[in-house]
Amino acid sequence: MSQTTKYSSAELLTINAAHLLQDGDVVFVGVGLPNLACNLARHTHAPNLVMIYEAGVIGAQPARLPLSIGDPNLVSGSLAVCSMYEIFALYLQRGNIDVGFMGGAQIDRFGNINATIIGRGFPDLQENYQHPKIRLPGSGGSMEIAAWANRCYIITPHQKRRFPEKVDFRTSAGFLGGRPEREAAKLRGGGPQAVVTDLGILQPDESGELILTALHPGKTIEMVKENTGWDIKVSSELSTSDPPGDEELRILREELDPLGVYLKA
Amino acid sequence: MNKLISLSEAIRRHVHPGDTVYAAGFTHLIPFAAGHEIIRQGINDLVLARATPDLIYDQIVAAGCARKVIFSYMGNPGVGSLRFVRAQIEAGNLEWEEYSHFSMISRLQAGAAGIPFMPMNPTAAGHLEQVNPQYRHLVDPYSGGEVVVVPALNPEVAIVHVQRADADGNAQIWGIVGEQKEAAFASKRLIVTAEEIVSEEIIRSDPNRTLIPGFIVDAVCHEPFAAHPSYTQGYYDRDNAFYLQWDEISKSREDVQAYLDEWVYGVEDRAEYWDRLALEVKERLKVRSGLSSPVNYGSY
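Residues numbered from 1 in each chain as written. Chains lettered and ligands numbered in written order. Predicted model: local features only at pLDDT ≥ 70, side-chain atom pairs only at ≥ 80, totals over all residues.

Trainee: Requested: an account of the overall build of chain B, with residues and values cited.
Mentor: Helix and strand content of chain B: 12 helices and 14 strands. For chain B, whose C-alpha radius of gyration is 20 Å, the value lies close to the compact-globule estimate of 19 Å for 300 residues. Projected onto the principal axes, the alpha-carbon positions of chain B cover approximately 60 × 55 × 35 Å. A buried classification covers 51% of the 300 residues belonging to chain B. Of the contacts made within chain B by residues no fewer than 6 positions apart, 75% connect residues no fewer than 24 positions apart. (Helix = DSSP H or I, 4+ residues; strand = E, 2+ residues; numbered from the N terminus. Rg over C-alpha atoms; globule rule 2.2 N^0.38 Å. Buried ≥ 20, exposed ≤ 12 C-beta atoms within 10 Å, placed from the backbone. Contact = placed C-beta atoms within 7 Å.)

Structural data, given as structure tokens:
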């Protein structure tokens, strides 16, 4: 591992997300950085990763980077194709997915995610929803992925507006109001296991609250606190993440995203 | 029965003002040619249902043909926001009804199976279920646990684009199959557009590939390149550059209008649209062949 190579924030996010994947994992892949992270893992430590796309493609090995999650190159050379109902019912709801990747405009203290609206601060949920400040794309598959994938990982830049104490709209479930509440809901998935940001890694403690467990090289606790919307706790076992390796950067830049579509950020 | 008619005739006969329309296809095989024909005919007051409205509904909404959208992901896939639909919703000019992907597709599945609703396991997220009264919670009569249910969706008309069909409407699809089959069976009327019209013999040579039987089809239209800027697996690639370009076009109403004037109102049909596309675009979208190994059905 080299300490000298320069890397972008997107590269840092992608490489740390790739490290969370284990060989043999069955992963519900999203577009953008999760897609890069999964492909990177498959090219390095997890050659037996099974990539599943919500369009209904199983075991994709895309030669070129897909722009959307329904590109034709996902199909050619894949293991199987099924309907959208089947991918959600037989694969996700039935419990055949190890890992789900999520994004979202807001992630709160208990790992709940908002991908629906940024509100104007009305006390009433319906009013906030009907008259949003910003209308976001909505759930897509994230409501079900968050509930039923064994492990969920969230990738997002670390900004205060993205980490409020409480989300404006709960599109998908983290630990709800805390771990006991999620357990009472009897969801089959384990909930969010890690949030990878450009500053470090947050993980849930025994109560389900996200705490800082790792900092990326050169980042500080103060930077994390300044950019988090609640008084974030720091793990007593705070570690420093490994910097991106030269080989990982080479694969990302030369093989996976040579045009810098996702990595230029 | 030969159901082969022109697309303009099919839209005139089967799409009426006020209809709920399901133009099917998850990223793949999106029936843009039919969407543009709806715009040209000025059919209005439509309720547009699709898991991902995609650019096709952005354009139909921009043309003033829609009263409402029903969706589960309102984005430009892989690019970002679906600007026109979003702006109309934010401005209060467009009704909407929102689901997650699984609940949206479960509505179609129930509609296609002829049952009143579809149960799903709870997701505990809660808020979408609070703002959309179509979501209900029921007690599972067997275990006493809880299920979430959504009602069947039975659109007045579905439009499905396919690689090949025969004149009777027996239709074959490969590649991403999304929700085409469910939309076809759920709808009351069904228009099939096809890249190729083939003989019944070719359909019968590979029956596992037939998603839609001809007897539920109302009209079959021969429309090569009907999915552009979406794609048809094995025929032409997704025009990702146009999806990125639409992100710029849809920033201004004038640019959207100019687009519609040139590429929708300004052409008579899909053949003229395709003729007008630049040669370099057509070159870029060409697909090298990748044949599957033939399977042996046997002769009995």
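So much for the structure itself; the text now carries on.
Trainee: Pulling in residues and values, what's your account of the overall build of chain A?
Mentor: In terms of regular secondary structure, chain A is built from 9 helices and 14 strands. At 18 Å, chain A has a C-alpha radius of gyration in line with the 18 Å of a compact globule built from 265 residues. Seen through its C-alpha atoms, chain A measures out along the principal axes to roughly 50 × 45 × 35 Å. Here chain A holds 265 residues, and the buried ones make up 54% of them. Within chain A, contacts between residues separated by at least 24 positions form 66% of all contacts whose residues are at least 6 apart in sequence.

Trainee: Can you tell me about the nonpolar core, naming the residues and giving the values?
Mentor: Soluble globular proteins: nonpolar side chains tend toward being buried together. Judged by nonpolar contacts, the single largest core of 164 residues is most densely connected at A:Val27, A:Phe28, B:Ile60, B:Ala158, B:Val160 and B:Val192. Residue assignment places this core across two domains, with domain 1 (7–102 + 153–285) and domain 2 (117–151) of chain B each supplying three or more. Every residue in contact with B:Ala158, bar those within four places of it in the chain, is listed here: B:Tyr22, B:Ala24, B:Ala183, B:Ala184, B:Ala186, B:Ser187 and B:Leu190. (Core = buried A, V, L, I, M, F, W, Y, C linked by C-beta atoms within 7 Å. Domains from an automatic or database assignment.)

Trainee: Just give me the short version of the sheet that holds strand 3 (residues 57–58) of chain A, but keep the residues and values in it.
Mentor: Residues and elements named next belong to chain A. Spatially, 10 strands are ordered 4-3-2-1-5-10-11-12-13-14 in an open sheet, and the strand pairing comes out mixed. Edge positions in the sheet fall to strand 4 (80–81) and strand 14 (234–240), since each has one partner strand and no second. In this structure, strand 11 (residues 192–196) lies alongside strand 12 (residues 200–204), joined through 2 bridges in antiparallel fashion. Within strand 12, the residue paired with Val-195 across the bridge is Leu-202. Sheet strands touched by helix 2 (residues 33–43): strand 1 (26–29), strand 2 (50–53), strand 5 (99–102) and strand 10 (151–155). Its angle to strand 1, the strand with the most contacts, is close to 155 degrees. (Pairing = 2+ DSSP bridges. Axes fitted to C-alpha atoms, helices over the stretch in contact; angles between N-to-C directions.)

Trainee: So what's going on with unusual backbone geometry? Which residues, and what values?
Mentor: Residue B:Pro229 is bonded to the preceding B:His228 through a cis peptide linkage, with omega at 10 degrees. Here A:Leu176, not a glycine, exhibits a phi torsion of approximately 55 degrees, which is positive. Inspection of the secondary structure assignment puts A:Leu176 in the loop between strand 10 and helix 7 (179–184). Overall, the presence of 22 C-beta atoms within 10 Å leaves A:Leu176 in the buried class.

Trainee: Go over the packing of helix 1 (residues 9–19) of chain A against helix 2 of chain A, please, and point to the residues and values.
Mentor: Residues and elements named next belong to chain A. Put simply, helix 1 and helix 2 touch, their axes get as near as 8 Å, and they point 55 degrees apart. With respect to helix 2, the element helix 1 is oriented oblique. Considering how the two elements wind past one another, helix 1 and helix 2 form a crossing that is right-handed. Here Ala-10, Leu-13, Thr-14, Ile-15, Ala-17 and Ala-18 of helix 1 come into contact with helix 2, specifically with Leu-33, Pro-34, Leu-36, Ala-37, Leu-40 and Ala-41. Its residues assigned to classes, the contact of helix 1 with helix 2 comprises 11 nonpolar, 1 polar and no charged. (Parallel < 35°, antiparallel > 145°, perpendicular 65-115°, else oblique. Left-handed = near helix turned anticlockwise from the far one by under 90°. Nonpolar A, V, L, I, M, F, W, Y, C, P; charged D, E, K, R; others polar.)

Trainee: For the interface of chain A and chain B, give the residues involved together with the corresponding values.
Mentor: If you look at the interface, chain A gives 41 residues, while chain B gives 45 residues. Secondary structure elements with two or more residues in the side of chain A that touches chain B: helix 3 (72–75), helix 4 (84–93), helix 5 (125–130) and helix 6 (142–148) of chain A. When the residues that make up the side of chain A that touches chain B are grouped by side-chain class, the tally is 23 nonpolar, 13 polar and 5 charged.

Trainee: Account for the environment of A:Glu127, with residues named and values stated.
Mentor: Residue and element names in this part refer to chain A. Tracing the sequence through the fold places Glu-127 in helix 5. When the 14 C-beta atoms within 10 Å are taken as the criterion, Glu-127 is described as partly exposed. Sequence-wise, Glu-127 and Gly-174 are 47 residues apart; in three dimensions their C-alpha atoms are separated by 23 Å.

Trainee: Any details on the sheet that holds strand 9 (residues 146–151) of chain B? Residues and values, ideally.
Mentor: Within a sheet, each strand pairs with its neighbour through backbone hydrogen bonds, oriented either parallel or antiparallel. Residues and elements named next belong to chain B. The strand order across the open sheet formed by 3 strands is 7-9-8, and the pairing between neighbours is antiparallel. Each having just a single partner strand, strand 7 (117–120) and strand 8 (136–139) make up the two edges of the open sheet. Taking each pair of neighbouring strands and ignoring which way they run, the sheet shows an average axis angle of 40 degrees. In the packing of helix 5 (residues 101–113) onto the sheet, the strands contacted are strand 7 and strand 9, and the crossing angle to strand 7 comes to about 140 degrees.

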